[in-house]
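# Understanding the architecture of this molecule
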Amino acid sequence: MRLRRLLNRFVDLSLGRKLGMTNAAGLLLAGVLICVALGAASWATLRSDLMRTSQIVSSVLAQHVAPAIQFEDPISASELLSALSVHREFVEAVLYRADGELFARYRRTADPSLPGPSATPDDGARMVVSVPVEAQGQVIGELRVAVDMQYAYRRVLLAVAAILLVVLLVLGAVLLLQMRLVARVLAPVQSLLAGMRRAGDEADYSQRVPVAGRDEIGELGASFNAMMELVEERDRAMEHLAMHDSLTGLVNRHYLRMRARLPDADEGRRAALFYIDLDNFKAINDTIGHNFGDRVLAAVANRLMSLLGDGDMLARFGGDEFVLCTSLADGEDPVVRAEQLRRAIGAPLQLQKRELLLRASVGIALAPDHGSTVSELLQKADAAMHVAKDNGRDSVQCWNAAITQRANQRFALETELRQAMQAGQLVIAYQPIVALASGRVTGMEALLRWHHPERGPVSPAEFIPVAEESGLITELGAWVLERACIQVRNWHAQYGPLHLAVNVSGRQFRDPALVDTVRAACEACGFPTDLLHLEVTESTLMHDTEAAARVMRQLVGLGLKLSLDDFGTGYSSLAYLKRFPLHKLKIDRSFVKDLPHNADDGAIVKAIVNLARALDMLVLAEGIESEKQHLVLGALGCDFGQGYFYSKALEPKEFEQFMAQRHREPQRSEDDPPARY
Ligand code: C2E
Ligand code: CA
Ligand code: CA
């Protein structure tokens, strides 16, 4: 376990340390082995040298002491033996006669603890050499010489120490050399590693590492550089993709927000931001197709680009929105520039054998007058553009404080409207609908009313668009449907099968839950679905004609009827009238108000009636305010009428009074229109 842990720690060390440690360990081992080998060799040599010398010295001494034995002269024998004192390693010499008797002796020290040469002949600490003493070919004695090995050991040790010193010096030098080599080899690896870390931590792909050679590390460096090149290129491509619009090639909103430069307040220059939005572009997409719409957008981008000056930035901001950021010359009028843009877009456009007349609304915001940041200007130019749209489109509007004030009021209204729903300030009024031929009330339209505690009655024309924008309309619409169904269902018992018309706004119509909401409202109070008429406007249907047709079929499948509200004010494309299962056209009051004097309006009403007849639809005229209008519209063939001439929209109590009064009046019945409501 410990070994494994050590091994793991070793594995985790840096490459330089690992190499350094293995090299040092290897060299140390080599050094130790060299020392041991050299020590052993020098020991063996020294020992054999000592042996040989001792042998020779002993042999020579044996020749010299032979006469002393012959002449029984132990004293001269002892003197001869003491000649050994010249050599420090000879510690003792003992001379025996042939009969084994001690004849003479020499001892270097008088240490009695030293064993005699006879004791242990060769015990490691000393070595004993024994030679026969001969005279005339006869052995007359034996000489034993003890050699002290300590001395030899010391010399070997000294030699080993010297070797060790040399080996260590050499090893140190080699290690140093190796470390420098390793450092040199590792330097490119380290710079590669630093490069990778920088790429990972700082996403800096612009760096390159030096490629030193053609070895594996050099190859690694080259590959790293190639990889960085690729990443950088891909980054550039991705940034281009993220910052540009692929359809027009213009920069997009992110780019503009990030890069558009406005002059500083003290620079004394002015800049203008133009928010350009095509009018009714949706209709082109919906009627001719998205591919064609794309080509129109590309053509518009080209026209705008041809008007760009130095330092101008033109961005496609979204579907049919473009933003131009430009600096203004001294005394240059931004409105003139905006008109130029609008006219360029409005010039007749030939595309795929069609001639189009495009229109655009342009909002302007100026720096430093209206703001000092791009987002501030964008917000204000956008608000101004919306005002241009509200003013009937195809126009230019420069931002002013009232615009933001209006936007703020709208926001406040939204908040209030939410509270109004909860506080029960919203009520439903019912405007009677009359069969023109008989003058009988056949149904009513439910219209929302807001009794504001401070402002009094607030028109739905003011708050319905706000509810639309905020999404509150879904909830509000469901509430109207449910309450109106309950109310009118109760009236059925009293007044017979009156039909109920309820307005459905565009956003409600696109709500996938609409069909279920309608079904639930009818089922909850047992309202006969064939008496429920939903009113939609042309703009609602134009949004996505396929989806609109599908939803309409589902609604008709429930048994209810669909009316086209404000007919004549929108696109009035006759093509879709045929495609949608419509039951009734409601002629907008703008065609009614100048009747009977305006002959053109009369002709339009007649044409609408004929169209409706051909398509098997009924016609209702809105905004009838006088008897003359009532009579002329009846004569023109309209089936139903609605307007102040009969009654304004009435809250339930008033409606009941109105009905009570009408029931008292004589009603025509002989030429009632066929019961088709
Ligand atoms: P609309 O659907 O065209 O409703 C008819 C509008 O014309 C009503 O205005 C009505 O009061 C008004 N009107 C009726 N007869 C005459 C007349 O003889 N002369 C004149 N000058 N005006 C007449 P109101 O109630 O202010 O509603 C305005 C619009 O608000 C409605 O137009 C409708 O689009 C929307 N709206 C009202 N209630 C609802 C609702 O519950 N849901 C939705 N989505 N929209 C609603
Ligand atoms: Ca309506
Ligand atoms: Ca209407």
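This text goes with the structure placed above it.
Summary of the structure given here.

### Description of the packing of helix 4 (residues 149-202) against helix 5 (residues 216-243)
Close contact between helix 4 and helix 5 brings their axes to 10 Å; oriented N to C, the two are set at 20°. Relative to helix 5, helix 4 is oriented roughly parallel. At the point where helix 4 passes helix 5, the crossing takes the left-handed sense. Facing Val-185, Pro-188, Val-189, Leu-192, Gly-195, Met-196 and Ala-199 of helix 4, the residues of helix 5 in contact are Ile-217, Leu-220, Gly-221, Phe-224 and Met-228. Considering only residue class, the contact of helix 4 with helix 5 consists of ten nonpolar, two polar and no charged.

### Section: the packing of helix 8 (residues 290-305) against helix 9 (residues 334-346)
At a closest axis distance of 9 Å, the pairing of helix 8 and helix 9 adopts a crossing angle of 140°. The orientation of helix 8 relative to helix 9 falls into the category oblique. The interaxial crossing formed by helix 8 with helix 9 has right-handed handedness. On helix 9, the residues that touch Val-300, Arg-303 and Leu-304 of helix 8 are Leu-341, Ala-344 and Ile-345.

### Observations concerning the site of ligand 1
Around ligand 1, a shell composed of 21 residues is seen, among which Gln-431, Arg-449, Arg-589, Glu-625 and Tyr-644 lie nearest. Within the contact set of ligand 1, an oxygen atom lies 3.0 Å away from a side-chain nitrogen or oxygen of Asp-565. Take Tyr-644: an N or O atom from its main chain is 2.8 Å from an oxygen atom of ligand 1. Protein chains shield 84% of the accessible area of ligand 1, which is 790 Å² for the free molecule. Listed by contribution, the elements that provide at least two residues to the shell around ligand 1 are strand 13 (441-452), helix 12 (460-470) and strand 17 (561-567). With four residues, strand 13 is the largest single contributor of residues to the shell around ligand 1. Split into classes, the residues belonging to the shell around ligand 1 amount to seven nonpolar, seven polar and seven charged.

### A closer look at the sheet that holds strand 2 (residues 102-107)
The four strands lie next to each other as 2-1-4-3, forming an open sheet whose pairing is antiparallel. In this open sheet, the two strands that pair with only one neighbour each are strand 2 and strand 3 (126-135). Averaged over neighbouring strand pairs, the angle between their axes works out to 15° when direction is ignored. Pairing between strand 1 (residues 90-97) and strand 2: five bridges, direction antiparallel. Bridge assignment links Leu-95 to a residue of strand 2, and that residue is Ala-104. On the sheet, helix 4 packs against strand 3 and strand 4 (138-148) and is oriented at approximately 45° with respect to strand 4.

### Focus: helix 2 (residues 15-70)
Taking 1.5 Å as the rise per residue, helix 2 with 56 residues should run 82 Å; its terminal C-alpha atoms sit 81 Å apart, in good agreement. When the local axis directions of helix 2 are compared, the greatest deviation, roughly 30°, occurs at His-64, which is followed within four positions by the proline Pro-67.

### Points about helix 8
Because each turn of an α-helix spans 3.6 residues, side chains separated by three or four positions in sequence point in the same direction. Taking 1.5 Å as the rise per residue, helix 8 with 16 residues should run 22 Å; its terminal C-alpha atoms sit 22 Å apart, in good agreement. Among the residues of helix 8, Phe-292, Gly-293, Val-296, Leu-297, Ala-299, Val-300, Ala-301, Arg-303 and Leu-304 are the ones counted as buried.

### A short note on the packing of aromatic side chains
Enumeration according to the criterion identifies ten aromatic pairs in this entry. Arranged with centres 6.3 Å apart and planes meeting at 40°, the rings of Phe-655 and Phe-658 form a pair that is tilted. Taken together, the positions of Phe-655 and Phe-658, both in helix 21 (residues 652-664) and three residues apart, correspond to about one turn of that helix. We note that Phe-655, like Phe-658, is buried. Above the face of the Trp-399 ring, Lys-380 is positioned so that its terminal group lies 4.4 Å from the ring centre. Directly above the aromatic system of Phe-640 lies the positively charged group of Lys-584, at a separation of 5.3 Å from the ring centroid.

### Describing the coordination of the calcium ion (ligand 2)
Protein-derived ligands of the calcium ion (ligand 2) are Glu-445 (OE), Asn-503 (OD1), Glu-535 (OE) and Asp-565 (OD), with the metal-ligand distances lying across 2.1 to 2.3 Å. Note on Asp-565: relative accessible area 6%, which makes it buried.

### Looking at the coordination of the calcium ion (ligand 3)
The calcium ion (ligand 3) binds to the protein through Asp-565 (OD), Asp-566 (OD), Glu-622 (OE) and Glu-622 (OE); the donor distances cover 2.1 to 2.5 Å. Taken in chain order, the donor set of the calcium ion (ligand 3) reads D-D-x55-E. A separation of 4.0 Å is found between the calcium ion (ligand 3) and the calcium ion (ligand 2), both of which receive a donor from Asp-565. Here Asp-565 is found in strand 17, whereas its partner Glu-622 is found in the loop between strand 19 (618-621) and helix 20 (627-635), with 57 residues between them in sequence.

### A few points about the nonpolar core
Considering soluble globular proteins, one finds that nonpolar side chains tend to be buried as a cluster. In this structure, Tyr-430, Leu-500, Phe-509, Leu-532, Leu-534 and Leu-555 are the most contacted members of the largest nonpolar core, which totals 80 residues. Sort the elements by how many residues they give to this core and helix 13 (residues 473-495) lands first, with nine residues. Apart from residues no more than four positions distant in its own chain, Phe-509 is found in contact with Val-504, Leu-514, Val-536, Thr-540, Leu-541, Ala-548, Val-551, Met-552 and Leu-555.

### A short note on the side chain of Arg-126
Within the element layout of this structure, Arg-126 appears in strand 3. The exposure class of Arg-126 is buried, given its relative accessible area of 6%. Within the structure, Arg-126 has its side chain in polar contact with the side chain of Glu-92 (distance 3.4 Å).

### Here we look at the pattern of salt bridges
Tallied over the full model, the rule gives 28 salt bridges. A salt bridge links Asp-369 to Arg-270; its shortest N-O distance comes to 3.4 Å. Taken together, the residues Asp-369 in the loop between strand 10 (360-367) and helix 10 (374-390) and Arg-270 in strand 5 (residues 270-278) connect sequence positions 99 residues apart. By relative accessible area, which is 44% here, Asp-369 ends up partly exposed. Since its relative accessible area comes to 28%, Arg-270 is described here as partly exposed. Among the ionic pairs, Arg-359 bridges to Asp-394, the shortest N-O distance being 3.3 Å. Separated by 35 residues along the polypeptide, Arg-359 in the loop between strand 9 (354-356) and strand 10 and Asp-394 in the loop between helix 10 and strand 11 (396-398) bring together distant segments of the chain. Judged by its relative accessible area of 32%, Arg-359 falls in the partly exposed class.

### With respect to the pairing of strand 18 (residues 584-587)
Burial of the side chains of strand 18 extends over both faces: Lys-584 and Lys-586 are buried on one face and Leu-585 and Ile-587 on the other. Where strand 17 lies against strand 18, three bridges are found, and the strand directions are parallel. Bridge pairing links Ser-563 to Lys-584 in strand 18. Pairing between strand 18 and strand 19: four bridges, direction parallel. Residue pairing across strands places Lys-584 opposite Leu-618, the latter belonging to strand 19. Read from strand 18 through helix 19 (residues 599-614) to strand 19, the crossover connection turns out right-handed.

So, how was this worked out
- Residues numbered from 1 in each chain as written.
- Chains lettered and ligands numbered in written order.
- Predicted model: local features only at pLDDT ≥ 70, side-chain atom pairs only at ≥ 80, totals over all residues.
- Heavy atoms only, no water.
- Axes fitted to C-alpha atoms, helices over the stretch in contact; angles between N-to-C directions.
- Helix = DSSP H or I, 4+ residues; strand = E, 2+ residues; numbered from the N terminus.
- Parallel < 35°, antiparallel > 145°, perpendicular 65-115°, else oblique.
- Left-handed = near helix turned anticlockwise from the far one by under 90°.
- Contact = heavy atoms within 4.5 Å.
- Nonpolar A, V, L, I, M, F, W, Y, C, P; charged D, E, K, R; others polar.
- Near = heavy atom within 4 Å.
- Polar contact = N/O pair within 3.5 Å; in protein donor to acceptor, adjacent residues only side chain to side chain.
- Areas by Shrake-Rupley, 256 points an atom, 1.4 Å probe, with all protein chains shown as cover.
- Pairing = 2+ DSSP bridges.
- Expected span 1.5 Å × (residues − 1).
- Bend = angle between axes of the 7 residues up to and from the residue.
- Buried < 20%, exposed > 50% of the residue type's maximum accessible area, 1.4 Å probe, protein only.
- Phe/Tyr/Trp six-rings, centres within 6.5 Å; stacked < 30°, edge-to-face > 60°.
- Lys NZ or Arg CZ within 6 Å of the ring centre and 35° of its normal.
- Donors = N, O, S within 2.8 Å, 3.2 Å for Na, K, Ca; no water.
- Core = buried A, V, L, I, M, F, W, Y, C linked by side-chain atoms within 4.5 Å.
- Salt bridge = Lys/Arg side-chain N within 4 Å of Asp/Glu carboxyl O.
- Right-handed = clockwise from strand over helix to strand, strands pointing away.

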